[in-house]
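Read off the chains here:
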Amino acid sequence: MIENRRLSGGSHLLRVRDEHARRDTPQSQPGQFAQLLAHPSQHLVRRPMSIHDEGDGWRSFMVKPVGPATRELVALRAGDSVDMTPPLGKGFPAPGELGEGPVFLVGGGFGVAPMHFMARILDGLPQAPEYRILYGGRTRNDVELDVLAGVNGEVLTSTDDGSLGFHGTCVDLCATQLDALGAARAARAVVLTCGPHAMMHALHGAVARRVHALYASLEEVMACGVGVCMGCVAKTRDGWVPICTHGPVFRSDTVFDLEGTADHV
Amino acid sequence: MSESTREFPIRIGPASFQNPYFAASGCFGYGLEYAESIPPQELGAVVTKTVTPLPRAGNPVPRLQETPAGLLNSIGLQNVGIEAYLRDKLEPLVAAGGVPFVSISAATLDEYVRMAEMLAPYDSIPAVEVNLGCPNVDAGGDRDAAEARAVEQFTRTVKERLPDKAVAIKLTPNVTDIVLLARAAEQGGADAVVAINTLAAMDIDLVRGRPTFERVRAGLSGPAIFPVALLKVWEIAAAVRIPVVAVGGIAQAEDVLKFFMAGATAVQLGTVLFSNPELLRQVRAGVREFVQARGLQHPHELCLDHVPESAEGRAQWTPIG
């Protein structure tokens, strides 16, 4: 652990040493994850965390203390040991595959973490597509803007209770943004999202047909992280697949609204 | 096959293995998924993900929940089915130098007949594990194999069709007395018994106010179950003449040594591999050091004398010097 910084809403930004990590030529993609556990730990399996950023010799993760293993992680101090895997899974499409924009990075709660990584990479491109981050939470406490420090793009916030930014969900906010673009521009938009499953499902229902593509980063309890244990599966058009190796990022139309799709392996 | 991994070879029925350290079913995929960190050729055998007569999609998510020193799973035998296994998964493992110990599960005797007949022609498969103890399926799981008569029948059905392969029967601990099942497997012609499968268990999601897993029942694995597995292995080893393959919560070399002392012929590493890919090497080094320090040739010499329980109900044995 190089640095443990508490964020405004109680999550922590953990910077962990990884000698292979490079800022200008990242060895990981936004949407990929690593599995982390304090070392030593009271616990058995490492917890998957989406990569928030990669720098020279380190990676950062946004960790919300929601259970005993994450509480153990956020209690670590600089110099403590962390058991961390290399980057795992398939991330969001490369920046070059996002078209000319507009690109919407929609983060619900701590699902905003990979949006930081993507925004930081887009900021570094000579011809970056126009992008906006839409960051939603239930209350202003869930919207920890300091996790997006240093990002150049515009950040719009939403809260369910109206305590910060747009009054509504980030799904509503995204729909409003697309309305403002007009149908033709909206049809060229790409939306990347990470957040609670229900929120991403709702986003798929609200915008998937209006935009060029919607990609969602799914979350599930994991053990092995490499497709062995079959613990973290998602139903896709190709059957039940491990999220850790086939995802966590999927095109939304391959994982949502699959009624009538046969159950096969 | 490197020299360092050919150490303490063992025999189970007609099959021999270069070392007594196997990967447990469900924790090593079909054998190559972990190849970068754990080359399958370093293991005595890879007990593969259980295959069934037809592909299975498995259970709904969530499928996993960590507990103190344990892991609950409700995977439900998600697998590609025996046909796709033999077509796509077997050869790559063999080509990599791995030894496939193929795990099978079925719901009926007829299905076991068909699966055994499909496996019989494959010379590259030296051994088959019959999974009679999965708590996460409706048919063919631990409840259907909780009776000695059923275990004997399933065992005989498979072994008669696979006379040239080692047939090991994996038993459920979710019964009153696992020893009866072990004796039934021996009676049915098994070359070994494997103990134990996961302990049936559950959890409740406080926020949702309902059982965590849709089927309620799940299987508990990990270090939490090691002392349970140790007792079962001890009891079974005292009661049968065939080899006992010990599995359940191995987290360090010391656990493996205890299984050998309890009477195990071989051991399977499982859940802890998910977080510690060094486990195999740690076990190998720890067992070697312990055995050499005592001037022994093979960890089987560690086996304690299993004296039947005395009138006072106390087991007795002669400690190793």
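Cut-offs applied
- Along each chain, residues carry numbers from 1 onward, in the same order as the chain's sequence is written.
- Chains carry letters from A onward and ligands carry numbers from 1 onward, assigned in written order.
- Only residues with pLDDT of 70 or above have their local features reported here, since the model is predicted, and side-chain atom pairs are shown and tallied only from 80 upward, although totals for entire chains, interfaces and linings are computed over all residues.
- Helix numbers and strand numbers start at the N terminus; a helix is a DSSP run of H or I with at least 4 residues, a strand a run of E with at least 2.
- Radius of gyration: over C-alpha atoms. The globule rule applied is 2.2 Å multiplied by the number of residues raised to the 0.38 power.
- In this description, any two residues whose backbone-derived C-beta atoms lie within 7 Å of each other are considered to be in contact.
- Every helix has an expected span of 1.5 Å times one less than the residues it contains.
- Here the bend at each residue means the angle between axes fitted to two seven-residue stretches, the one ending at that residue and the one beginning there.
- Neighbour density around each residue's C-beta defines its exposure: 20 or more other C-beta atoms within 10 Å make it buried, 12 or fewer make it exposed, and counts between make it partly exposed, where C-beta atoms are placed from the backbone.
- Only C-alpha atoms enter the line fits that serve as axes; for helices the fit covers just the stretch in contact. Angles between N-to-C directions range over 0 to 180 degrees.
- In what follows, roughly perpendicular refers to angles from 65 to 115 degrees, roughly parallel to angles under 35, roughly antiparallel to angles over 145, and oblique to any angle outside these ranges.
- Helix crossings fall into two classes, left-handed where the near helix is turned counterclockwise from the far one by less than a right angle and right-handed where it is turned clockwise.
- Each residue is assigned to one class: nonpolar for Ala, Val, Leu, Ile, Met, Phe, Trp, Tyr, Cys and Pro, charged for Asp, Glu, Lys and Arg, and polar for all the others, Gly among them.
- When DSSP finds at least two bridges between two strands, those strands are taken to pair.
- The pLDDT value tells you how sure the predictor is about a given residue, anywhere from 0 up to 100.
- Defined on buried residues, the nonpolar core groups Ala, Val, Leu, Ile, Met, Phe, Trp, Tyr and Cys residues joined through C-beta atoms within 7 Å.

This next bit is on the overall build of chain B. Counting secondary structure elements, chain B contains seven helices and 16 strands. The globule rule puts the C-alpha radius of gyration for 321 residues at 20 Å, and the 19 Å found for chain B is close to it. Projected onto the principal axes, the alpha-carbon positions of chain B cover approximately 50 × 45 × 40 Å. Of the contacts formed within chain B by residues at least 6 apart in sequence, a portion of 70% connects residues at least 24 apart.

Residues and elements named next belong to chain B. Across its 14 residues, helix H1 (residues 82–95) extends 19 Å between first and last C-alpha, which sits within 8% of the 20 Å expected from 1.5 Å per residue. Lys 89 marks where H1 bends most, by close to 40°; the proline Pro 92 follows one to four residues later. Among the residues of H1, those classed as buried are Ile 82, Tyr 85, Lys 89, Leu 90 and Leu 93. Directly beyond the C-terminal end of H1, a positive phi value near 90° is found at Gly 97.

The next subject is the packing of helix H3 (residues 170–181) of chain A against helix H5 (residues 197–207) of chain A. Residues and elements named next belong to chain A. Viewed as axis vectors pointing N to C, H3 and H5 meet at an angle of 25°, and their least axial separation amounts to 9 Å. Viewed along their axes, H3 and H5 adopt a mutual orientation that is roughly parallel. Crossing of H3 against H5: the hand is right-handed. Across the interface between the two elements, Val 171, Cys 174, Ala 175 and Leu 178 of H3 pack against Met 199, Ala 202, Leu 203, Ala 206 and Val 207 of H5. Looking at the contact of H3 with H5, its residues break down into nine nonpolar, no polar and no charged.

Our focus in this paragraph is the environment of Ala 78 of chain A. All names here are of chain A. Its place among the elements puts Ala 78 in the loop between helix H1 (68–74) and strand E6 (81–84). Using a count of 11 C-beta atoms within 10 Å as the deciding quantity, one classes Ala 78 as exposed. Put simply, Ala 78 and Ala 186 are 108 residues apart on the chain and 45 Å apart in space, counted from C-alpha to C-alpha. Setting aside anything within four residues of it in sequence, one finds Ala 78 in contact with Met 1, Ile 2, Glu 3 and Asn 4.

Glancing now at the sheet that holds strand E15 (residues 244–247) of chain B. Residue and element names in this part refer to chain B. If you trace the eight strands once around the closed barrel, you get E3-E4-E7-E8-E9-E10-E15-E16, paired in parallel fashion. Adjacent strand axes in the sheet meet at a mean angle of 25°, parallel and antiparallel pairs treated alike. For strand E4 (residues 45–47) and strand E7 (residues 100–104), the ladder comprises two bridges, and the chain directions are parallel. Note on E7: the bridge partner recorded for Val 47 is Phe 101.

Below, the discussion takes up the sheet that holds strand E15 (residues 249–251) of chain A. Residue and element names in this part refer to chain A. An order of E10-E9-E8-E7-E11-E12-E15 is seen for the seven strands of this open sheet, with the pairing classed as mixed. Strand pairing shows two members of the sheet lacking a second neighbour, strand E10 (166–167) and E15, which therefore form its edges. In this structure, strand E11 (residues 190–194) lies alongside strand E12 (residues 213–217), joined through five bridges in parallel fashion. Among the inter-strand pairings, Val 190 is bridged to a residue of E12, identified as Ala 213. This element, H5, spans strand E7 (103–108), E11 and E12 of the sheet and lies at about 175° to E12.

Let us now look at the interface of chain B and chain A. With 27 residues of chain B in contact, the opposing surface of chain A contributes 19 residues. Only strand E5 (64–67) and strand E6 (70–73) of chain B provide two or more residues apiece to the side of chain B that touches chain A. Here the residues of the side of chain B that touches chain A are counted per class, giving 13 nonpolar, ten polar and four charged.

On to the packing of helix H3 (residues 148–161) of chain B against helix H4 (residues 178–187) of chain B. All names here are of chain B. Contact geometry of H3 with H4 gives a least axis separation of 8 Å together with a crossing angle of 30°. The angle between the axes of H3 and H4 places the two elements in the roughly parallel class. Classified by chirality, the crossing of H4 by H3 is right-handed. Across from Ala 148, Val 151, Glu 152 and Thr 155 in H3, the residues of H4 making contact are Leu 180, Leu 181, Ala 184, Ala 185 and Gln 187. Taken together, the residues that form the contact of H3 with H4 break down as six nonpolar, two polar and one charged.

Looking down a regular strand, the side chains alternate between one sheet face and the other. Residues and elements named next belong to chain A. The sheet contact formed by strand E1 (residues 3–6) and strand E2 (residues 12–17) spans four bridges and is antiparallel. Directly across from Asn 4, in E2, lies its bridge partner Leu 14. Remark: five residues form the turn of the hairpin made by E1 and E2, two consecutive strands paired antiparallel; Gly 10 in that turn has positive phi of roughly 105°.

Once that is clear, we can look at the confidence of the model for chain B. This prediction gives chain B a mean pLDDT of 93; 94% of its residues lie at or above 70. Between residues 310–315 of chain B, whose pLDDT stays under 50, and residues either more than four places distant or in other chains, the model counts four contacts.

Attention now moves to the nonpolar core. With 188 residues, the main nonpolar core has Leu 105 and Cys 174 of chain A together with Ala 168, Val 193, Ala 195 and Val 233 of chain B as its most contacted residues. Looking at which element gives the most residues to this core, the answer is helix H5 (residues 226–239) of chain B, with seven residues. Ignoring any residue separated from it by four or fewer positions in sequence, one finds Leu 105 of chain A in contact with Met 115, Met 118, Ala 119, Tyr 131, Ile 133, Leu 134 and Leu 192 of chain A.

This next bit is on the pairing of strand E3 (residues 33–39) of chain A. Residues and elements named next belong to chain A. A large share of E3 lies buried, amounting to six of its seven residues. Here E3 runs beside strand E4 (residues 47–55); their pairing, made up of four bridges, is antiparallel. For Gln 35, the partnering residue across the bridge sits in E4 and is Pro 48.

The subject of this paragraph is the environment of Ala 293 of chain B. Inspection of the secondary structure puts Ala 293 of chain B in helix H7 (residues 279–293). C-alpha separation for the pair Ala 293 of chain B and Glu 36 of chain B, spaced 257 residues apart in sequence, amounts to 32 Å.

Moving on, we come to unusual backbone geometry. Omega for the peptide link from His 39 of chain A to Pro 40 of chain A comes to 0°, which places this bond in the cis form. Relative to the assigned elements, Pro 40 of chain A resides in the loop between E3 and E4. At the junction of Gly 247 of chain A and Pro 248 of chain A, the peptide bond is cis and its omega measures out at 10° in the coordinates. Summarising the element assignment, Pro 248 of chain A is placed in the loop between helix H6 (243–246) and E15. Despite not being glycine, Asp 257 of chain A shows a phi value in the positive range, around 55°. Tracing the backbone shows Asp 257 of chain A in the segment after E15. Classification of Asp 257 of chain A by C-beta neighbours within 10 Å gives exposed; the count is 12. The backbone phi angle of Val 216 of chain B is positive, close to 65°, even though this residue is not glycine. Relative to the helices and strands, Val 216 of chain B is located in the loop between strand E13 (210–211) and strand E14 (218–221). For Val 216 of chain B, a count of 13 C-beta atoms within 10 Å translates into the label partly exposed.

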